[in-house]
Amino acid sequence: MDEKIKSLWQKNKLLFILLIPAILLWFGRNIVIDLLVSSGNKAVGDATVKSDELKHDQTVANTQANQIKADADAAAIKKDSVGEDWNSKK
Amino acid sequence: MKKLISILSIALLTQSVAFGDCDFSKIVKNADSTFTYSKELHICVGEMKRDLELSNAKLDSYNKVIELKDLALTKADARADLWMNTGFKLQDRMNAVDELQMKNQWLMFGLGVIFTSLSVYGAGQLR
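Here goes a summary of the coordinates provided. (Residues numbered from 1 in each chain as written. Chains lettered and ligands numbered in written order. Predicted model: local features only at pLDDT ≥ 70, side-chain atom pairs only at ≥ 80, totals over all residues. Heavy atoms only, no water.)

### A word on the overall build of chain A
For clarity, the threshold we go by: Counting from the N terminus, the helices are DSSP H or I runs at least four residues long and the strands are E runs at least two residues long. We call a residue buried when its accessible area falls under 20% of the maximum for its residue type, exposed when it is over 50%, and partly exposed in between, using a 1.4 Å probe and counting protein chains only.
A tally of helices and strands in chain A yields two helices and zero strands. Looking at chain A as a whole, 20% of its 90 residues are labelled buried.

### Notes on the overall build of chain B
Inclusion rule: It only takes one pair of heavy atoms within 4.5 Å for two residues to be counted as in contact. In these tables, accessible area is a Shrake-Rupley quantity obtained with a 1.4 Å probe, and a residue counts as shielded only by the protein chains included in the view.
Each helix and strand in chain B was counted, giving two helices and two strands. N-terminal to C-terminal, the α/β element order of chain B is α-β-β-α. Long-range pairs, those at least 24 residues apart, make up 56% of the contacts in chain B with a sequence separation of at least 6. Per element, the accessible surface of chain B, about 9,000 Å² overall, is 63% carbon and sulfur.

### A short note on unusual backbone geometry
Positive phi outside glycine occurs at S33 of chain B, with the angle close to 70°. Within the secondary structure layout, S33 of chain B lies in the loop between β1 (28-29) and β2 (35-36).

### Comments concerning a nonpolar patch on the surface
Residue and element names in this part refer to chain B. Where we set the bar: The patch calculation keeps residues exceeding 30% relative accessible area without a salt bridge and links them within 9 Å when they carry like charges or within 5 Å when they are nonpolar (Val, Leu, Ile, Met, Phe, Trp, Tyr). Whenever Lys or Arg places a side-chain nitrogen within 4 Å of a carboxyl oxygen from Asp or Glu, that contact is recorded as a salt bridge.
Among the surface-exposed residues, F24, I27, F35 and Y37 lie close enough to one another that they form a single nonpolar patch of about 400 Å² accessible area. Relative to the helices and strands, Y37 is located in the loop between β2 and α2 (39-126). By relative accessible area, which is 42% here, Y37 ends up partly exposed.

### So, the packing of helix α1 (residues 2-11) of chain A against α2 of chain B
This is how the line gets drawn: In this description, a line fitted to the C-alpha atoms serves as the axis of each element, helices being fitted only across the stretch in contact, and the angle between N-to-C directions of two axes falls anywhere from 0 to 180 degrees. Small angles under 35 degrees read as roughly parallel and large ones over 145 as roughly antiparallel, with 65 to 115 read as roughly perpendicular and the rest as oblique. Should the near helix be turned counterclockwise from the far one by less than a right angle, the crossing is left-handed, whereas a clockwise turn marks it as right-handed. Amino acids outside the nonpolar list (Ala, Val, Leu, Ile, Met, Phe, Trp, Tyr, Cys, Pro) and the charged list (Asp, Glu, Lys, Arg) are all regarded as polar, and Gly is one of them.
Packing of α1 of chain A against α2 of chain B brings their axes to within 9 Å, and their N-to-C directions diverge by 135°. Considering their axes alone, α1 of chain A and α2 of chain B lie oblique with respect to each other. Handedness of the crossing formed by α1 of chain A with α2 of chain B: right-handed. Together, K4, I5, L8 and K11 of chain A of α1 of chain A and Y121, G122, Q125 and L126 of chain B of α2 of chain B make up the contact between the two elements. Of the residues belonging to the contact of α1 of chain A with α2 of chain B, the class tally is four nonpolar, two polar and two charged.

### Here's the deal with the interface of chain A and chain B
Threshold: Buried area is understood as the total, over both parts, of accessible area removed when two parts are fitted together, assessed with a 1.4 Å probe.
Taken together, the contact pairs 50 residues of chain A with 45 residues of chain B. For the pair chain A and chain B, the two sides together bury roughly 4,300 Å², of which 73% comes from carbon and sulfur. Across the chain A-chain B interface, the total number found is four salt bridges. Elements with a minimum of two residues in the side of chain A that touches chain B: α1 and α2 (13-77) of chain A. The dominant element in the side of chain A that touches chain B, judged by the number of residues it contributes, is α2 of chain A, at 36 residues.

### Section: the state of the cysteines
Residue and element names in this part refer to chain B. Inclusion rule: The rule for a disulfide is simple: a pair of cysteine sulfur atoms within 2.5 Å.
Enumeration over the complete set of coordinates arrives at one disulfide over all chains. Shown here is the disulfide that connects C22 with C44, its sulfur atoms set 1.7 Å apart. The sign of the S-S torsion, about -95°, decides the handedness of the disulfide formed by C22 and C44: left-handed. Of the two residues, C22 sits in the loop between α1 (2-16) and β1 while C44 sits in helix α2, which places them 22 residues apart along the sequence. By relative accessible area, C22 is classed as buried at 14%. According to the relative accessible area criterion, C44 is buried, its value standing at 15%.

### A short note on the environment of W86 of chain A
Note that W86 of chain A resides in the segment after α2. Residue class for W86 of chain A comes out partly exposed when judged on its relative accessible area of 25%. Residue contacts for W86 of chain A: discarding those within four places in its chain leaves H42, I43, V45, G46 and K49 of chain B.

### Considerations on the packing of aromatic side chains
Residue and element names in this part refer to chain B. Using the following cut-off: Each aromatic pair joins two rings of Phe, Tyr and Trp (for Trp, the six-membered one) with centres within 6.5 Å, and gets the label stacked for planes under 30 degrees apart, edge-to-face for over 60, and tilted for any other angle.
Here the structure, examined in full by the defined rule, presents two aromatic pairs over all chains. Geometrically, the ring pair formed by W106 and F109 is edge-to-face, given 6.3 Å between the ring centres and 85° between the ring planes. Separated by three residues within a single helix, W106 and F109 lie in helix α2, roughly one turn from each other. Take W106: its relative accessible area is 62%, and that puts it in the exposed class. A relative accessible area of 55% means that F109 is categorised as exposed.

Take a look at the structure:
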């Protein structure tokens, strides 16, 4: 039996050797697919973090703008009375 | 957007501030080149000055508001660009994954045929 296996191997050694790169190619492509998927997930994760930062900055800017506008409107309504000495140096 | 905010600001400012109805026709020029005018006119001018200062302060504040709103818009645009570019990157990766998976499926099919053939041949040889 062993001799038959050895004979089979000797006759078809080239074919078996050529199959190994094909199998390695299959495994390699699977690894590349996994890497592409993980890099895609990382890109989404990084984008989410950056997006949250930008959203926070946008919210802060809008809040500050609204506050400044409210303060300016309130100050414009509140008018101090003018006395006769408005043009004297204090 | 910036022009719209500026126009709105100017419209709001002119509506909220009245620059008085001071009657300057009653001012009398004296012989010594000084001027005489009523107490009411004096107060009226003071109120004008006060209103002008308030308007200027309000204008400065509104300019600051415009800057901040512009900044907020810039950040919003940056977010939109970020997700658009991320979408493009993901699309490229998805296309590459699809292509590799298709090639691997064909390779697996071919290897399956070869291994099956080899198994049948090898079983025949070993008999």
